Amino acid sequence: MTTVETATIARRQPRGAAFDPWFKWLCASAATALLVALGGLIVSLLIGGWPAFAKFGFGFFTATTWNPVTDVYGAAGPIVGTLVTSVLALVMALPIAFGVSVFLVEFAPKIIRQPIATAVQLLAGIPSIVYGMWGLFVFAPFFAQHIQLPLILAAPPGSLLEKLTAGVPNGANILTASIILAIMILPFMAAVLRDLFLSVPQQLRESAYGVGATPQEVVWKVLLPFIRRSAIGAVMLGLGRALGETMAVTFIIGNSHGLPKSLFDSGSTIASTIANEFAESSTPMHEASLIALGLVLFLITFTVLAIARAMLGALRTY
Amino acid sequence: MASASRSLQRKISNAVFVGFCTVAAFVALSALAAILYSLLKNGLGGIDLAIFTQSTPAPGSPGGLANAIVGSLIMCAVAMVIAVVVGVLAGTWLSEYGGDSWYARLVRFMNDILLSAPSILVGLFIYYIAVKPVHGFSGYAGSLALALIAVPVVTRTTEDMLKLQPTALRESGVALGTPVWITIRRIIWRASAGGMITGGLLAFARISGETAPLLFTSLNNQFFSLNMTKPIANLPVVIFNYALSAYDDWRRLAWVGAVLIAAAVLTAQILARILIREPRRS
């Protein structure tokens, strides 16, 4: 009987095994780079915007004067403009996106379902500058001539309608910006909602139809409760897009500072103000105020996106 | 008779609902069709050879978009190289090593935030780290901004695609004595190649029309230039400037540029879709 001394068996590692820990380390540092980038983004906005917060204090958020000539900056106009246009866009886009997705999943003839769904998904990827250009060259002139002008002429002096429609009739205003934003986020929201409706198990639909529910009842009482949580997430994601959108808005909002007086008044959003002024900022305080605006936008979108992601759970959107 | 009227009421309300959904679909599709129509009507006719051979003109003189097209291509290419390297490695870590640890969950969450963060803020950040310190706008800064927008897309798709591979595939690789990193490289990455290319195409589609982050990183350049350390011409910023100008020929060039970008984005997306549909080779 021969005994093998364990010590004499050479332990041999496969070729390349020595690199294993390095590869893991490499991958981990790439993942960490992502965190560092986001952290760096926050820190640079904080540092860059700090002089503005230090000088204007809380008044930065409430003052409506934005004047590079006198170097005094109050951000209430762009902040309100951002919130108003985004919420208006969401209010307009949501029912339509909901209708489109239900139509595509439940009512559309089988043959056209896939082509339309694909078209909607492709449109969700069209760069926003295209939507902005269309707004500037096609929609704004149309709106000014066929909607704004008649409304202004029809409004009796002193009426509520006159207040709402006050503004230069050139089609560049809060309402048209919101409409363009709505058209821009519509394909995205419709595509996500459609995915959600498709994720509902077929048996649920069948059993609801089986007990005699109408299509409307199936959608409202079976499908919607099933996807409610993720659907709220999808809506928040759409809101996040609208809040941070730059190009679609910059073209058509009119770019005037101060609080907009009516829906037909020109205004500005945080993103459009930064896009217009940053490269040509006149003084260090002007630059700091623009970066401070960026920080405000980041905090708003971060909150909205964090809620959206928590609600969406496992649903993957790109 | 109460039940009959209740049934009628349900039928009417259902008809209204179906009608609403159909009208909504019609409204949405016609709005989007209107946009595509204006884009093609105003842009398609302007495409000629000069667009690809001459640089952006002064108002009133003939010219094309050659410098902007080349600048955009270079910037996107550099951005994609960075994004693919970082994104694939980060996605691999999330799928193969990170698992469900708190750190992986944090990275995943932050990646999702970056995925939808306003692109103009990415521009501000890159301005702070790559423009201000060197006192100059540059093509590299633009590429860096675009890369930061593309990385989350690549990371996300890589992780998703790698997770689709069965654990048995990894085990069989390792059982043969293959080191883990070679298993990942030679087996897992290869098996997910189609999906990962899709991720790259989606990321490219995402950045090729991005305008906001370029406004104060790469800026723009009136002339033809391949120098990435100086401001460089690019399609999105040219479109932005020319569309807002008062000159008809500049506006015409803006429409042409918009058509080119839309065509590039749509091609990338359609390719991505074809690749992801392709049945997996066994």
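The rules behind these values
Residues numbered from 1 in each chain as written. Chains lettered and ligands numbered in written order. Predicted model: local features only at pLDDT ≥ 70, side-chain atom pairs only at ≥ 80, totals over all residues. Heavy atoms only, no water. Helix = DSSP H or I, 4+ residues; strand = E, 2+ residues; numbered from the N terminus. Buried < 20%, exposed > 50% of the residue type's maximum accessible area, 1.4 Å probe, protein only. Contact = heavy atoms within 4.5 Å. Areas by Shrake-Rupley, 256 points an atom, 1.4 Å probe, with all protein chains shown as cover. Lys, Arg positive; Asp, Glu negative; His and termini not counted. Charge placed at Lys NZ, Arg CZ, Asp CG, Glu CD. Phe/Tyr/Trp six-rings, centres within 6.5 Å; stacked < 30°, edge-to-face > 60°. Lys NZ or Arg CZ within 6 Å of the ring centre and 35° of its normal. Patch = residues over 30% accessible without salt bridge, like charges linked within 9 Å, V, L, I, M, F, W, Y side chains within 5 Å. Salt bridge = Lys/Arg side-chain N within 4 Å of Asp/Glu carboxyl O. Buried area = accessible area lost by both parts, 1.4 Å probe. Polar contact = N/O pair within 3.5 Å; in protein donor to acceptor, adjacent residues only side chain to side chain. Nonpolar A, V, L, I, M, F, W, Y, C, P; charged D, E, K, R; others polar. Expected span 1.5 Å × (residues − 1). Axes fitted to C-alpha atoms, helices over the stretch in contact; angles between N-to-C directions. Parallel < 35°, antiparallel > 145°, perpendicular 65-115°, else oblique. Left-handed = near helix turned anticlockwise from the far one by under 90°. Core = buried A, V, L, I, M, F, W, Y, C linked by side-chain atoms within 4.5 Å.

A.B. asks: Explanation requested: the overall build of chain B in the structure shown.
C.D. replies: Counting its regular elements, chain B contains eleven helices and zero strands. Counting from the amino terminus, helix and strand elements in chain B follow one another as α-α-α-α-α-α-α-α-α-α-α. Judged by the C-alpha coordinates and their principal axes, chain B covers about 75 × 65 × 35 Å. Counting the 282 residues in chain B, one finds 52% classified as buried. Long-range contacts, defined here as pairs at least 24 residues apart, represent 72% of the contacts in chain B between residues at least 6 apart. Surface summary for chain B: the accessible area is close to 12,400 Å², and the carbon and sulfur share equals 68%. Of note, chain B has its 21 positive side-chain charges centred 5 Å away from the centre of its 11 negative side-chain charges.

A.B. asks: Can you help me understand the packing of aromatic side chains in this one?
C.D. replies: Ring pairs (aromatic) are described by centroid distance and by the angle formed between their planes. Residue and element names in this part refer to chain A. As enumerated under the stated definition, the model contains 29 aromatic pairs over all chains in all. Ring plane angle 80° and centroid distance 6.2 Å describe the contact between Phe56 and Tyr73, whose orientation is recorded as edge-to-face. Highlighted residues: Phe56 in helix 1 (residues 20–56) and Tyr73 in strand 2 (residues 72–73), separated in sequence by 17 residues. The residues Phe56 and Tyr73 share a single accessibility class, namely buried. Here Arg241 stacks its cationic end above the ring of Phe188, 4.0 Å away from the centre of that ring.

A.B. asks: How should I be thinking about a nonpolar patch on the surface in this particular structure?
C.D. replies: On the surface, A:Phe19, A:Trp22, A:Trp25 and A:Leu26 cluster together to form a nonpolar patch covering roughly 450 Å² of accessible area. Within the secondary structure, A:Trp22 sits in helix 1.

A.B. asks: I would appreciate a short explanation of the interface of chain B and chain A in the present structure.
C.D. replies: Note: interface size is frequently given as the accessible area lost on complex formation between the parts. Chain B puts 86 residues into the contact, and the matching count from chain A is 87 residues. Summing both sides of the interface, chain B and chain A together bury roughly 7,600 Å²; the carbon and sulfur share of this comes to 78%. For the pair chain B and chain A, the interface holds two salt bridges. As a salt-bridge pair, A:Glu287 and B:Lys132 come within 3.0 Å of each other at their nearest N and O atoms. Remark: the boundary between chain B and chain A carries 13 residue pairs in polar contact (both at pLDDT 80 or more). Of all the elements, helix 1 (residues 2–43) of chain B adds the most residues to the side of chain B that touches chain A, at 20 residues. Tallied by class, residues from the side of chain B that touches chain A come to 63 nonpolar, 13 polar and ten charged.

A.B. asks: Quick question: what am I supposed to make of helix 9 (residues 193–208) of chain B here?
C.D. replies: Spacing of three or four residues puts side chains on the same side of an α-helix, whose turn is 3.6 residues. Over its 16 residues, helix 9 of chain B runs 22 Å from end to end, which matches the ideal 22 Å to within 8%, given 1.5 Å per residue. Taken together, the buried positions of helix 9 of chain B are B:Gly194, B:Gly195, B:Met196, B:Thr198, B:Gly199, B:Gly200, B:Leu201, B:Ala203, B:Ala205, B:Ile207 and B:Ser208.

A.B. asks: In this structure, what is going on with the packing of helix 5 (residues 128–154) of chain A against helix 7 (residues 174–198) of chain A? I would like to understand it.
C.D. replies: Think of two packed helices as two axes; the pair is described by the angle between the axes and how far apart they sit. All names here are of chain A. Interhelical geometry of helix 5 versus helix 7 gives an angle of 135° and a closest axis separation of 10 Å. Overall, the two elements helix 5 and helix 7 adopt an arrangement that is oblique. Crossing handedness for the pair helix 5 and helix 7: right-handed. Every residue of helix 7 that contacts helix 5 at Ser128, Tyr131, Trp134, Gly135, Phe139 and Phe143 is listed here: Leu175, Thr176, Ile179, Ile180, Ile183, Met184 and Pro187. Classifying every residue of the contact of helix 5 with helix 7 by side-chain character gives ten nonpolar, three polar and no charged.

A.B. asks: How should I be thinking about the pattern of salt bridges in this particular structure?
C.D. replies: Pairing of side chains with opposite charge becomes possible as their charged atoms draw close. Residues and elements named next belong to chain B. Taken as a whole and assessed by the stated rule, the structure comprises ten salt bridges over all chains. Note that Glu159 and Arg108 form a salt bridge whose closest N and O atoms lie 2.8 Å from each other. Linking Glu159 in helix 6 (residues 139–163) with Arg108 in helix 4 (residues 102–116), this pair joins segments that are 51 residues apart in sequence. The buried category is assigned to Arg108, whose relative accessible area is 15%. The partner of Asp112 in a salt bridge is Arg156, with the nearest N and O atoms 2.5 Å apart.

A.B. asks: What am I meant to see in the nonpolar core here?
C.D. replies: Nonpolar side chains tend to gather and get buried jointly when the protein is soluble and globular. Ranked by internal contacts, the top residues of the largest apolar core, which has 189 residues, are A:Phe60, A:Tyr131, A:Met133, B:Leu65 and B:Ile120. Per-element accounting of this core gives the leading share, 19 residues, to helix 7 of chain A. In this structure A:Phe60 touches A:Ala52, A:Phe53, A:Trp66, A:Tyr73, A:Gly74, A:Ala75, A:Ala76, A:Ser289, A:Ala292 and A:Leu293, once residues within four positions along its chain are discounted.

A.B. asks: Looking at this structure, how should I read helix 11 (residues 270–277) of chain A?
C.D. replies: For helix 11 of chain A, the tally of buried residues reaches seven of eight residues, placing the bulk of the element in the interior. Of the residues making up helix 11 of chain A, those classed as buried are A:Ile270, A:Ala271, A:Ser272, A:Thr273, A:Ile274, A:Ala275 and A:Glu277. On its buried side, helix 11 of chain A packs onto strand 1 (66–67), helix 3 (76–107), helix 9 (215–244), helix 10 (247–250) and helix 12 (284–312) of chain A together with helix 5 (119–131) of chain B.

Function-wise, these values are silent; they only describe arrangement.
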